[in-house]
Each structure stands twice: as structure tokens, then as C-alpha cells.
Amino acid sequence: MKSLETETAFEVLAKAKALEKQGKEIVHLEIGEPDFDTPQNVKDAAARAMSAGYTHYTPSAGMLELKEAIAEHVSETRRLDVKPEEVVVTPGAKPVMFFGVLALVNPGEEVLYPNPGFPVYESVIKFVGAKPVPIPLREENGFSLDPEYVKEKITAKTKMIILNSPENPTGGVATREQLGVIADCLARRDDVFVLSDEIYSRIIYEGGHESITQFDGMKDKTILLDGFSKTYAMTGWRLGYGVMRKDLAAKFAQLMTNSNSCTNTFVQLAGVEALKGSQRDVENMVAEFRRRREVIVDGLNDIEGFRCMKPRGAFYAFPNITGTGMNSRELGERLLHKAGVAVLPGASFGEFGEGYLRLSFANSVENIRKALERIENSLGEC
Ligand SMILES: Cc1ncc(COP(=O)(O)O)c(C=O)c1O
């Protein structure tokens, strides 16, 4: 258990809530969840399902109706042929990460993962006794993946490569060319799997979403992770899924049986409505994020000591703060206590995240402006 780490977002949220209890007013830019409400048609579908008696167990891998809807959605968006038996429904998308590493990676094997990146990757790799091999994402490359670096780091011991595009925390987006180089490298390595975290695939501002599953032979070597938390503002519902080859899906189902039994039944039916119903709320939400992106990036670039690139996807700004003379944890603490703005230190996303902060712009323009003003004023007090 000592090797298991945590997500700082939940720790900072707890600290910010404690300050609020003492009467302080905090602007929350730390947690990664849309501030929008879940679309009404999705909520109505859940209520209808609950009233109709969908309140019992389902098969561990999920209800056929939802697996069919997911297979259809993924086939369409990734231009693939996905069958329902290649889908496993999970309570949130996180279990797909955990199960993927647990099912495939042995102690002593190596897993490549993006750094700065979602902290759960490194935590789970270490938890199974494997060696985390960071793929540094650098500001000078627009925080996008350097496939040549990945190529160099693949060894005989490599068992898995974790990809995340659009990326948390940097907003970097992988291009088709970059993914193509990685797919080529893996052409002769049937023992290496990819975990492709595509949870932000619909929240993208420039270009389109590309998936490594589209390259020859890659679908069978990839666990595609996606879900409803971000796209449909459903973080609290806990609904996600993995798409993978059939034999591995059967093993995932077994992991589900041994851990959760199944995903919440009426939530699964709400998921069918989310995928098949109107997508207008999703489009409006992304349009609003796009507007906020301009406000936050421009505002951060106006603050002395900050330098911020425009994220191409997801809803996080990841400014370079080395010009402030403080490290990311010091500055994060200072902003929370002095400015009443909760943000995450880049260092909590791995060693290559030092020198940066993550600010979620899943908050109103009004609150973003308030946060920017407070940050600027508090730095002036140094
Ligand atoms: C990159 C990434 N993957 C997966 C998840 C987990 O999603 P869920 O809440 O559906 O478990 C998150 C949530 O923050 C994320 O940022």
C-alpha cells in the first residue's frame, strides 16, 4: 500500500472546503469537473429507469443496450468496427486504468506514461510493482508527445504505453503523425499494449481527435478508455467504459465481478440516452469552454512571472510560473491562503510538471476573472 499515491486535486479541494468553513471565500480552479449540470434528458432517463424498476444487478460487463450504444458511438467517432462484446462498462473511467494495469502488467516490467500527466497512472504502475518510465511533455513542443523519445524508451521489458489526448493537465493533443510513429514501433511488438485515455476526446478546440486504435493492428493491442464524466458533466454519476479485444474484455468483466459486481443500473440507462439523445448541451458546453480558454490564457499572460500556452483540448490552463521565483507547491499554497484561489501545483502531475500550475477553467468567466485579479494582487504583495 505504501506505493499507492493519490490525486492532489481531492486534497486541495478538502483544504479549500476547510477554509470555506472558516468563512473564507475561495474560487475553485482545482478540481477537474465541468461546472455545468448534467443534461436534463439524461437526468430524466435515469429517473424513468429507476421508476421502471431498473434497480437490480446487471451483467458485470454492462447492459447490452449500453454496450451496443457505446460500440456504435466508438465505431463512428474512431472509424472502427467495435462489437458490444469488446466493451466493458465501469463505474467511472478510472477503473479501466486500474484494471488495465492490473490485468496486463507484471512486477519488474516497464510502463511508459505521460509526465506531467494524470497522477493515477504512475500510482497504479508502482502499485503493481512495475517501473514507471516517464515520457516528458515539454512546453517548447506545445506539450505534445515526442514519438522519437517514446521509440527510444521502448525496451524488451516494456509492457504498456499510456497515452492521453487531449491531455490532463497540459491540454496537449496528439497528432495523427505522432501516433503513427508509435503505432509503427509497435508493429512487431505484440507483447506491448497501449492504454489510450481518450476521456477528453470531445473537448477539443483545434483540429480533430485522433486515436491510435485507427492504425493497422492497433485496435487489438489497445485498451481505449472513455466515459461520460467530462463530456456530459456526469462526474458524480460514475459511468465510464473500456473498449478492448474480446478475450481481455472477458477478464475485465471478471475484475468487475470481483470488485464492483456491476455498474449502477439506472445510470447505465442514462448513459444510453446521453449517447443517443441530443448532443446540443455538449456542443454548448464546449463552446463556452472555448470562450473561457481565451479569458484565462490572456489573463494569465498578463500576470508578471506567468507564461501560458493555449491548451488545444480539455479544460485546463497550465502556465509556466518560473518567473515568479516560487516553486509550484509554494505558489499553490500562497494562492490558496493569500488570494483565496485554489489551483493545483504542476509538481503533483509528476517531476516534469514542476514550474507550472494547473488551473481548471470549468468555472464561470466571472469567477475566472475574479481569480486572475486576486492572483495578480497577491503576487504584487510579495
Ligand atoms: C485523464 C483522465 N482520465 C480519466 C479520468 C477519470 O474519469 P472518471 O471520473 O470517469 O473516472 C480523469 C478525471 O479527472 C482524467 O483527467
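Here goes a summary of the coordinates provided. Since we're looking at a predicted model, the values are computed, not measured.

The subject of this paragraph is the side chain of His73. Mapped onto the fold, His73 is located in helix H3 (residues 64-78). Under the relative-accessibility criterion, His73 is labelled buried at 15%. Apart from residues lying up to four places away in sequence, His73 is in contact with Arg78, Arg202, Tyr241 and Leu275.

It is worth spelling out the packing of aromatic side chains at this point. We describe a pair of aromatic rings using the distance from one ring centre to the other and the angle between the two ring planes. Within this structure, the stated rule accounts for 15 aromatic pairs. An angle of 80 degrees between the planes, with centres 5.6 Å apart, marks the rings of Phe36 and Phe289 as edge-to-face. Placement of Phe36 in the loop between strand E1 (27-28) and helix H2 (40-51) and of Phe289 in helix H10 (residues 280-301) is noted, with a sequence separation of 253 residues between them. Judged by its relative accessible area of 0%, Phe289 is buried. Ring centres of Phe143 and Phe318 lie 5.6 Å apart, and the angle between their planes is 75 degrees; on these two criteria the pair is classed as edge-to-face. Residue Phe143 is located in the loop between strand E4 (131-136) and helix H6 (147-153), and its partner Phe318 is located in the loop between strand E9 (316-317) and helix H11 (328-339); the two are separated by 175 residues in the primary sequence. Under the relative-accessibility criterion, Phe318 is labelled buried at 2%. In this structure an aromatic cluster arises from ring pairing among Phe36, Tyr200, Tyr205, Phe289, Phe315, Tyr316 and Phe361.

Once that is clear, we can look at the pattern of salt bridges. Scanning the entire structure with this criterion turns up 26 salt bridges. Between Glu25 and Lys370 there is a salt bridge, with the nearest N and O atoms lying 3.1 Å from each other. Placement of the pair is Glu25 in the loop between helix H1 (8-21) and E1 and Lys370 in helix H12 (residues 365-380), with a sequence separation of 345 residues. Note on Lys370: relative accessible area 29%, which makes it partly exposed. Linking Lys131 and Glu110 is a salt bridge whose minimum nitrogen-to-oxygen distance equals 4.0 Å.

Another aspect to go through is unusual backbone geometry. Cis peptide bonds are those with omega within 30 degrees of zero, and the linkage from Asn115 to Pro116 qualifies with 5 degrees. If you trace the backbone, Pro116 turns up in the loop between strand E3 (110-115) and helix H5 (119-127). Between Ser165 and Pro166 the backbone carries a cis peptide bond, its omega angle lying at -15 degrees. Among the structural elements, Pro166 can be located in the loop between strand E5 (158-164) and helix H7 (176-185). Phi is positive for Arg238, close to 60 degrees, though the residue is something other than glycine. Using a relative accessible area of 34% as the deciding quantity, one classes Arg238 as partly exposed. With a phi close to 60 degrees, Ala314 is a non-glycine residue in the positive phi region. Assignment of secondary structure puts Ala314 in the loop between H10 and E9.

Strand order in this open sheet of seven strands is E2-E8-E7-E6-E5-E3-E4, and the pairing throughout is mixed. Both outer strands of the open sheet, strand E2 (87-90) and E4, are each paired with one neighbouring strand and no more. With strand direction ignored, the average angle separating the axes of adjacent strands in the sheet is 20 degrees. In this structure, E3 lies alongside E5, joined through three bridges in parallel fashion. Note that in E5 the partner of Leu112 across the bridge is Ile161.

This brings us to the nonpolar core. Core analysis: the largest hydrophobic core is formed by 95 residues, its most contacted members being Met160, Phe228, Leu300, Phe306 and Phe315. For this core, the leading source of residues is H10, giving eight residues. Excluding residues that lie within four positions of it along the chain, Phe306 makes contacts with Leu300, Asn301, Pro319, Asn320, Ile321, Thr324, Leu331, Leu357, Ile375 and Leu379. Counting residues in hydrophobic clusters, the runner-up holds 20 residues, among them Leu145, Ile182, Val194 and Ile212.

Among the 14 residues in the neighbourhood of the ligand, the closest are listed as Asp197, Tyr200, Ser229, Lys230 and Arg238. Take Ser229: an N or O atom from its side chain is 2.6 Å from an oxygen atom of the ligand. Contact with the protein chains covers 93% of the free accessible surface of the ligand, which is 400 Å². For the shell around the ligand, a count of residues per class yields six nonpolar, four polar and four charged.

What follows deals with the sheet that holds E9. Two pairing modes exist for strands in a sheet, parallel and antiparallel, and in both the strands are linked by backbone hydrogen bonds. One open sheet accounts for three strands, arranged E9-E12-E11; its pairing is antiparallel. Only two strands of the sheet have a single partner each, and these edge strands are E9 and strand E11 (344-345). Pairing analysis gives two bridges linking E11 to strand E12 (residues 357-360), with the strands arranged antiparallel. Looking across to E12, one finds that Leu344 is bridged to Arg358.

Our next topic: the pairing of E4. Each regular strand shows side chains that alternate between the opposite faces of the sheet. Relative to E4, E3 runs parallel, the two sharing six bridges. Residue Asn115 lies in a different strand from E4, and its bridge partner there is Pro136. Considered for its hand, the β-α-β crossover made up of E3, H5 and E4 is right-handed.

The rules behind the values
Residues numbered from 1 in each chain as written. Predicted model: local features only at pLDDT ≥ 70, side-chain atom pairs only at ≥ 80, totals over all residues. Heavy atoms only, no water. Helix = DSSP H or I, 4+ residues; strand = E, 2+ residues; numbered from the N terminus. Buried < 20%, exposed > 50% of the residue type's maximum accessible area, 1.4 Å probe, protein only. Contact = heavy atoms within 4.5 Å. Phe/Tyr/Trp six-rings, centres within 6.5 Å; stacked < 30°, edge-to-face > 60°. Salt bridge = Lys/Arg side-chain N within 4 Å of Asp/Glu carboxyl O. Pairing = 2+ DSSP bridges. Axes fitted to C-alpha atoms, helices over the stretch in contact; angles between N-to-C directions. Core = buried A, V, L, I, M, F, W, Y, C linked by side-chain atoms within 4.5 Å. Near = heavy atom within 4 Å. Polar contact = N/O pair within 3.5 Å; in protein donor to acceptor, adjacent residues only side chain to side chain. Areas by Shrake-Rupley, 256 points an atom, 1.4 Å probe, with all protein chains shown as cover. Nonpolar A, V, L, I, M, F, W, Y, C, P; charged D, E, K, R; others polar. Right-handed = clockwise from strand over helix to strand, strands pointing away.

Purely geometric numbers; function is a separate question.
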